[in-house]
Each structure stands twice: as structure tokens, then as C-alpha cells.
Amino acid sequence: MDLFESLSNKIAGKGLRIVFPEGTDPRIIGAAVRLAADGEIKPLLLGDATEIAKVAAEKGFDITKVTVRDPKTDAFHDEMAKAFVERRKGKATPEQADEMVKDPNYFGTMLVYMGKADGMVSGAVHSTADTVRPALQIVKTRPDATRISGAFIMQRGRDERYLFADNAINIDPNAQELAEIAVESARTAKLFDIDPKVAMLSFSTKGSAKAPQVDKVVEATKIAHDLKPELALDGELQFDAAFVPTVAKLKAPDSQVAGQANVFIFPDLQAGNIGYKIAQRFGGFEAIGPILQGLNAPVADLSRGCNEEDVYKLAIITAAQAL
Ligand SMILES: CC(C)(COP(=O)(O)OP(=O)(O)OC[C@H]1O[C@@H](n2cnc3c(N)ncnc32)[C@H](O)[C@@H]1OP(=O)(O)O)[C@@H](O)C(=O)NCCC(=O)NCCS
Ligand SMILES: CC(=O)OP(=O)(O)O
């Protein structure tokens, strides 16, 4: 079954509410209208109602089934500002909170934190830092996770599907952080029907190069094995050794993962972000994400280069993460 058919079946009838802080963007409005028409997700657009109605009319969207709220004038503002101050525990004054929750990304994140929305999708207009900072500060990590990272489902056709991480958050993770990203990515992969075989990527395969950057990946591989001994995970592997069976036989003949990997862990964000965009733009892969993993509640950060279809699909994934 197609991934989105399967996810749509999972969320059907649950009435999950997804908030979109960038309510005046035509890609967001278009996706929200489609989701409302499907009836499986209740979309909530944030922004000035007149402005949203104007953009919708210009693009020919019927927004009658979509709820709109304006963070600048919302009746819930005072209650939210109070909850924000409590959550930030001395890191925000009431005056700061008063202004901050008028920001759509903070308002949307607070709705998720306060249980008024099941998930949030933003980032079509805002940078990743501005999109995810509220989630890092307010929603925070799950009790059993220590780091938040960003994964992409990379899909080509109906059946070819991989997970890449971290492509969005941790700029230069140390070995411990990289190991935790790998373990968390395996967990995310299962959500999307991928039986994880995790490759810890490097420019070296099994000692073929020597450098501190390689040592970090070797160390991360050891830590990840200790964290989850039962997980099929190996490193350090170059991408060809991880992915191509004939190359794996030459470069890493004893590996149970080389040549068969489907979860690819990049050593840092330079490699991860560049890597996914190359697969997307040269390789014809659909890049769905970044899906934030390790958070207490689902918040997703779109790439600013996204289209309406990307928004629609990431909303379905975000709703599925809320189950
Ligand atoms: C995500 C990012 C914005 C966070 O950095 P920041 O805004 O400087 O955040 P801070 O260090 O001030 O931390 C803010 C809060 O988030 C928490 N935090 C930061 N990174 C975290 C992580 N990876 N996991 C869990 N919590 C994290 C901090 O502990 C802090 O919590 P506190 O305020 O309650 O003490 C930053 O790592 C970043 O810019 N990453 C790259 C994003 C990017 O451009 N990606 C490419 C495009 S997708
Ligand atoms: C994930 C990502 O690279 O986001 P953006 O393109 O918005 O920087």
C-alpha cells in the first residue's frame, strides 16, 4: 500500500487538529483546503482573517471549511501568555510573553503544548531556526529522548523509501549526539514501514581514511551499539559501501548493513542538508520533511522550497506522529 494511503487510514476518524502558522501563504492555504475536504485532519490557519480570505479568493480556494485564528487578537492570548511564562521558568517575563505569543510560530507551538492542537506544520516562509526554536523551548524532548533532530523520508515511486538524518537541526553533533540521532532515526523509520538498517556515513569505510571526523563516526557507531545492541547498524561507511551491494562486498565484506542500508545518518549538518537536497534535485527523490524526532509532540518544519503537495503530505505525517 502507498505510504500516504496507509498513513491516511491510520489517522482516519481521529479528528486530529493541525495548526499552520503561515496562514497567508497560498501553498499552505491550498493544502489546508485539501485536508479539510478529505475530512481526516482539521486544519487551523493562523493569520489575519481578511488577508487569508483575500489570498484564498485570488487563488480560487474555498476556505469555508477551514478555521482561522489571528494570534494578534485571539481571545486565548492572556491564558496562553501566562502558560508561556510558567513553562519558560524565569526565561521570559510576562511582558516578553505578551509579545511572543502574538508571533504565529509561538502561538501555534503553544496551542500544541496546551493540547489545543495535535501538531504544527510551519517553515514554508520562516527559517528552520525560527520555526523550531519555539518547539525546542516549549514542547521540549520526550522523557526518553535527549536530542531533537530532523529526518527526511526520501521516496521514489511507490516502493523505494529511505530515511536520512540529521538534515535540519544539529550543526556539528558530537559522537554521543550522533549515536542518539541514529537510534532515534531507527525508531522514526519504523513509523513509516521501514525496517531499519542504519548506516553511519563518512568519507571513510572501515578505516580507509584517518581523520578526527572519521573517529567521531567510529565512536558514534560504538555508542549506538551500546544504546541499542539489537539494532542493525554499522559504520563508518561511505555512501556507496552503505548502499551498493557490489561495492559493499569490496569495501565492507563482513558488514550486515553495508549494501542494504535504508537509514542514512550523516556526520554533520553540512553533509546532511546538502546530501538530501542533491538526492531530491538530481536524483528525483521526493523529500518529505524535515520530520522532527525526539519531541514531546509533533511539530514539523517545511523547507522554504516546498510546494502545496509537500505541505499536504507533511501534515498527514505530523498527524500520524500524534497518534
Ligand atoms: C535549532 C537551532 C535554531 C537551535 O539553536 P538556538 O536557537 O541557538 O537554540 P539555543 O541554543 O538558544 O536553545 C534554545 C533551547 O532549545 C534547546 N535545544 C537546542 N537545540 C536542541 C536540540 N537539538 N535538542 C533538544 N533541545 C535543543 C536548548 O536546550 C534551549 O532550551 P532552553 O531555552 O529551555 O534552555 C540551531 O541549532 C540551528 O540553527 N540549527 C540549524 C538550523 C538550520 O539552519 N538548518 C538548515 C535548514 S533545515
Ligand atoms: C530543511 C531545509 O533545508 O529548509 P530550508 O530550505 O527552508 O532552509
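Keep in mind that what you see is a predicted model, and the values were worked out from it rather than measured.

Some remarks on helix H13 (residues 308–321)
- The terminal C-alpha atoms of H13 lie 20 Å apart, and with 14 residues this matches the ideal 20 Å at 1.5 Å per residue to within 8%.
- Most of H13 is tucked away, with 11 of its 14 residues classed as buried.
- Every buried residue of H13 is listed here: Asp 310, Val 311, Tyr 312, Lys 313, Leu 314, Ala 315, Ile 316, Ile 317, Thr 318, Ala 319 and Ala 320.
- Its side-chain oxygen placed 3.1 Å from the backbone nitrogen of Glu 309, Asn 307 serves as the N-cap of H13.

So, the UniProt feature "domain: Phosphate acetyl/butaryl transferase" (unreviewed entry) in the protein
- As annotated in UniProt, the feature "domain: Phosphate acetyl/butaryl transferase" (unreviewed entry) corresponds to residues 4–319 in the numbering used here.
- Between the end C-alpha atoms of residues 4–319 the distance is 12 Å, and the span holds 45% helix and 18% strand.

Regarding the pairing of strand E10 (residues 286–293)
- In terms of burial, E10 is largely enclosed, as seven of its eight residues are buried.
- Looking at chain direction, strand E5 (residues 149–156) and E10 are connected through six bridges and run antiparallel. Looking across to E10, one finds that Ile 153 is bridged to Ile 288.

Observations concerning the pattern of salt bridges
- In this structure the tally under the stated criterion is 20 salt bridges.
- Between Glu 309 and Arg 34 there is a salt bridge, and its shortest N-O distance comes to 2.9 Å. Of this pair, Glu 309 sits in helix H13 while Arg 34 is found in helix H2 (residues 26–38), placing the two residues 275 residues apart along the sequence.
- Glu 309 gets classed as partly exposed once you look at its relative accessible area, which sits at 30%.

Details of the side chain of Gln 137
- With respect to the element layout, Gln 137 can be found in helix H7 (residues 128–139).
- In this structure the side chain of Gln 137 is engaged in a polar contact, spanning 2.7 Å, whose partner is the side chain of Tyr 106.
- Once residues within four sequence positions are removed from consideration, Gln 137 is found in contact with Arg 88 and Tyr 106.

Here's the deal with the site of ligand 1
- Around ligand 1, the structure places 18 residues, and the nearest of them are Arg 88, Lys 91, Arg 133, Lys 140 and Ala 168.
- In this structure, a nitrogen atom belonging to ligand 1 sits 2.9 Å away from a main-chain N or O atom of Ile 148.
- A total of 950 Å² of accessible area belongs to ligand 1 in isolation, and the protein chains cover 64% of it.
- Mapped onto the shell around ligand 1, the elements with two or more residues apiece are H7 and helix H12 (269–281).
- Tallying contributions element by element places H7 first for the shell around ligand 1, with five residues.

Quick notes on the site of ligand 2
- For ligand 2, the full set of nearby residues is Thr 128, Phe 152, Asn 273, Tyr 276, Lys 277, Pro 290, Ser 303 and Arg 304.
- In the environment of ligand 2, an oxygen atom lies 3.0 Å from a nitrogen or oxygen atom belonging to the side chain of Asn 273.
- Between an oxygen atom of ligand 2 and a side-chain N or O atom of Arg 304, the distance comes to 2.7 Å.
- Protein chains bury 87% of the 260 Å² of accessible surface belonging to ligand 2 in isolation.
- By residue number, the principal contributor to the shell around ligand 2 is H12, which donates three residues.
- Here the residues of the shell around ligand 2 sort into three nonpolar, three polar and two charged.

Cut-offs and rules
- In this numbering scheme, every chain counts its residues from 1 along its sequence in written order.
- The lettering of chains begins at A and the numbering of ligands begins at 1, in the order of writing.
- Two thresholds apply to this predicted model, a pLDDT of at least 70 for residue-level local features and 80 or more for giving and counting side-chain atom pairs, whereas whole-chain, interface and lining totals are computed over all residues.
- Here the side-chain values reflect all heavy atoms present in the structure, with hydrogen atoms and water set aside.
- Helix numbering and strand numbering both begin at the N terminus, where a helix is a DSSP run of H or I of at least 4 residues and a strand a DSSP run of E of at least 2.
- In this analysis, the expected span of each helix is defined as 1.5 Å times one less than the number of residues it contains.
- Three labels apply to residues, based on accessible area from a 1.4 Å probe with only protein chains included: buried if under 20% of the type maximum, exposed if over 50%, partly exposed otherwise in between.
- Polar contacts here mean pairs of N or O atoms no more than 3.5 Å apart (in protein, one a potential hydrogen donor and the other a potential acceptor; neighbouring residues in sequence count only if both atoms are side-chain atoms).
- UniProt positions are given in the numbering used here, feature names are shortened, and annotations may be inferred rather than shown by experiment.
- In this analysis, strands are considered paired if DSSP registers two or more bridges between them.
- Salt bridge, as used here, is a side-chain nitrogen of Lys or Arg placed within 4 Å of a carboxyl oxygen of Asp or Glu.
- Contact criterion: two residues are considered in contact whenever any of their non-hydrogen atoms come within 4.5 Å of each other.
- Summary of the distance rule: residues count as near a molecule or strand when at least one heavy atom falls within 4 Å of that molecule or strand.
- Exposure was quantified through the Shrake-Rupley algorithm and a 1.4 Å probe, taking into account, for residues, occlusion by the shown protein chains and nothing else.
- Here the term charged refers only to Asp, Glu, Lys and Arg, the term nonpolar to Ala, Val, Leu, Ile, Met, Phe, Trp, Tyr, Cys and Pro, and the term polar to all other amino acids, Gly among them.

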